[in-house]
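Letter by letter, the chains look like this.
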Amino acid sequence: MASDLSPRSGRRLGTLLTAILLCAIAAALAFTGRDDDRQTYILATATTGGTYYPVGVALATLTKQVLEPDYGLSLAAISSAGSEENVRLMRDGEAKFSILQGVYGAWAWQAEGRLSGAPPFEGLRSIAVLWPSVEHFVIRSRYANTGTFADIENLAGRRFSIGARYSGAEGSARHIFEALGIDPERSFVLAYQGYGASAEAFQNQMIDGMNIPAGAPVGAVTRVLAATRGDAVILEFTEEQLAAVNASYEDLWGFYELAPNLYPYQERTVRTIAQPNFLAVTADVPDEHVYLIVRTIYENLSFLHAFHAATRSMTLDGALDGLPVPLHPGALRFYRERGLDIPPRLVPPGEPL
């Protein structure tokens, strides 16, 4: 079919091209104007096989849907090694937001534990408790004589995955081991693997134990218990063991019950322990941005609850329970507007009590 190249059609084409060009220029100028006001903050999470990453993706998705259209404000979730690396990323200015285990918040704020080599992180602030980080110490059934954490000593000389290097999993495991008188370097052949890699190694007989601190249920544990058809046990904690773990930080960990059949081949309640995971931010993020983010979270809890089961424990009433560092002023403003009683230890420096 021949093309219409008459002078009249050529003029129409020229007019059309001019209109398209003008529209494109206008759109580009408008986009540039909006882009100047946009702010996307990095949210550091953890490895993809645990709970931090999918919850971080849920938070990022929520901000993109609710805040970006009207305010140009959003979060972008990235995978990381976990809490220890997240503290470093925040100190170095590479991430303004992160998800942290409670114990890492306490360590960073007070320059203690695995973070004792650095000065106190005075620019660290908290936003909200997200969900409990449930300790899943999983070993092969043949080594579980009592079903309690004491059975971990039956793995002496065997391979145990303690978590990715510099991860929250590694840090919390070392704290628990040391509190209960166990030197992991002397006791086990250590593997440093993330959750997904640990699950695969367990299935392939490459390790005999692993620790997975995450919101329950966690996919890596489900995979292991399903694939081994019951040849794996989640260890319980006794009152005495919990007291020893909490000796340095009163009530940071508490008992947590895994309901029967939460995991494959788990036919009875398992009483383990858990500490809070919380959303952290650096103090230099504008108050209004933090206020909008925390407001969006609590006005859209149903979205988060549908995204990941771990977030179903999130409530406004429990938003401050166990937070280890002061609130960001933007979060403080939101909670005061909602009538929450703010403990003095959570009021940020320079703010009225």
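What you are looking at is a predicted structure, and each value in this text was computed from that prediction instead of being measured. (Residues numbered from 1 in each chain as written. Predicted model: local features only at pLDDT ≥ 70, side-chain atom pairs only at ≥ 80, totals over all residues. Heavy atoms only, no water.)

Caption draft 1: Layout of the overall build of the protein. A count of helical and extended segments in the protein gives 13 helices and 11 strands. By residue count, 50% of the 353 residues in the protein fall in the buried class. A separation of at least 24 residues holds for 70% of the contacts in the protein among residues at least 6 apart in sequence. Surface accessibility of the protein: about 15800 Å² in total, with carbon and sulfur atoms responsible for 52%. (Helix = DSSP H or I, 4+ residues; strand = E, 2+ residues; numbered from the N terminus. Buried < 20%, exposed > 50% of the residue type's maximum accessible area, 1.4 Å probe, protein only. Contact = heavy atoms within 4.5 Å. Areas by Shrake-Rupley, 256 points an atom, 1.4 Å probe, with all protein chains shown as cover.)

Caption draft 2: Geometry of the packing of aromatic side chains. As enumerated under the stated definition, the model contains 16 aromatic pairs in all. Measuring from centroid to centroid gives 4.9 Å for Y104 and W107, while their planes differ by 70°, and the two rings are edge-to-face. One end of the pair, Y104, and the other, W107, are both in helix α5 (residues 102–110), 3 residues apart, so they sit about a helical turn from each other. The ring centre of F202 lies 4.1 Å from the NZ or CZ of R140, which sits over that ring. (Phe/Tyr/Trp six-rings, centres within 6.5 Å; stacked < 30°, edge-to-face > 60°. Lys NZ or Arg CZ within 6 Å of the ring centre and 35° of its normal.)

Caption draft 3: Structural detail: the pairing of strand β1 (residues 39–44). Note that β1 and strand β2 (residues 73–78) share 6 bridges and pair parallel. When the bridges of β2 are listed, Q39 appears paired with L73. With 2 bridges connecting them, β1 and strand β3 (residues 97–101) associate as parallel partners. Pairing of L43 across the sheet is with F97, part of β3. (Pairing = 2+ DSSP bridges.)

Caption draft 4: Molecular detail of the side chain of Q241. As for its placement among the helices and strands, Q241 is situated in helix α10 (residues 239–245). Residue class for Q241 comes out buried when judged on its relative accessible area of 11%. Apart from residues no more than four positions distant in its own chain, Q241 is found in contact with T148, F149, A150, L180 and E236.

Caption draft 5: Local environment of the environment of V233. Turning to its location among the elements, V233 is positioned in strand β9 (residues 233–234). Residue classification places V233 among the partly exposed residues on the basis of a relative accessible area of 23%.

Caption draft 6: Main features of the environment of T296. Structurally, T296 can be placed in helix α11 (residues 287–299). Judged by its relative accessible area of 2%, T296 is buried. In this structure, the C-alpha to C-alpha distance between T296 and L62, residues 234 residues apart in sequence, is 7.9 Å. Once residues lying within four places of it in the same chain are set aside, the contact partners of T296 are L62, V66 and L67.

Caption draft 7: How the structure looks around the confidence of the model for the protein. Within the protein, residue pLDDT values average 89, and 90% of them lie at 70 or more. Low pLDDT, under 50, characterises residues 1–35; the predicted model gives this stretch 2 contacts beyond four residues in sequence or across chains. (pLDDT = per-residue confidence, 0-100.)

Caption draft 8: Local environment of α5. The buried fraction of α5 amounts to 7 of the 9 residues, a majority that puts the element mostly inside the structure. Of all the residues in α5, the buried ones are G102, V103, Y104, G105, A106, W107 and A108. Against α4 (83–91), β3, β4 (124–134), α6 (168–179) and β11 (270–282) lie the buried residues of α5. Note on α5: the residue one or two positions beyond its end, A111, has a positive phi of about 55°.

Caption draft 9: Expanded view of the nonpolar core. By size, the foremost hydrophobic cluster in this structure holds 81 residues, and its most contacted members are F97, F137, I152, F177, Y298 and Y335. At 7 residues, α11 tops the list of elements feeding residues into this core. The residues contacting F97, other than those within four sequence positions of it, are Y41, I42, L43, A44, L75, M90, I127, A280, V281, V285, V290 and I293. If you look at the next biggest cluster of nonpolar residues, it comprises 24 residues, including Y195, A220, L225 and L258. (Core = buried A, V, L, I, M, F, W, Y, C linked by side-chain atoms within 4.5 Å.)

Caption draft 10: Local environment of the sheet that holds strand β8 (residues 209–211). One open sheet accounts for 5 strands, arranged β7-β6-β8-β5-β9; its pairing is mixed. At either margin of the open sheet sits one strand with a lone partner, and together these are β7 (189–191) and β9. Sheet topology places strand β6 (residues 159–161) next to β8; 2 bridges connect them, and they run parallel. Each bridged residue has a counterpart across the sheet, and for S161 the counterpart in β8 is M210. On the sheet, α6 packs against β5 (137–139), β6, β7 and β8 and is oriented at approximately 80° with respect to β5. Against the sheet, helix α9 (residues 219–227) engages β5, β8 and β9, with an angle of about 20° to β5. (Axes fitted to C-alpha atoms, helices over the stretch in contact; angles between N-to-C directions.)

Caption draft 11: Spotlight on the pattern of salt bridges. Counted under the stated rule, the structure contains 18 salt bridges. The partner of R174 in a salt bridge is E170, and the shortest N-O contact between them spans 3.0 Å. Of the two residues, R174 and E170 both sit in helix α6, 4 residues apart, roughly one turn of that helix. As far as burial versus exposure is concerned, R174 and E170 are alike and both buried. Here E299 makes a salt bridge to R338, at a shortest N to O gap of 3.6 Å. Remark: R338 occurs in the segment after α13 (329–337) and E299 occurs in helix α11; sequence separation between them is 39 residues. (Salt bridge = Lys/Arg side-chain N within 4 Å of Asp/Glu carboxyl O.)

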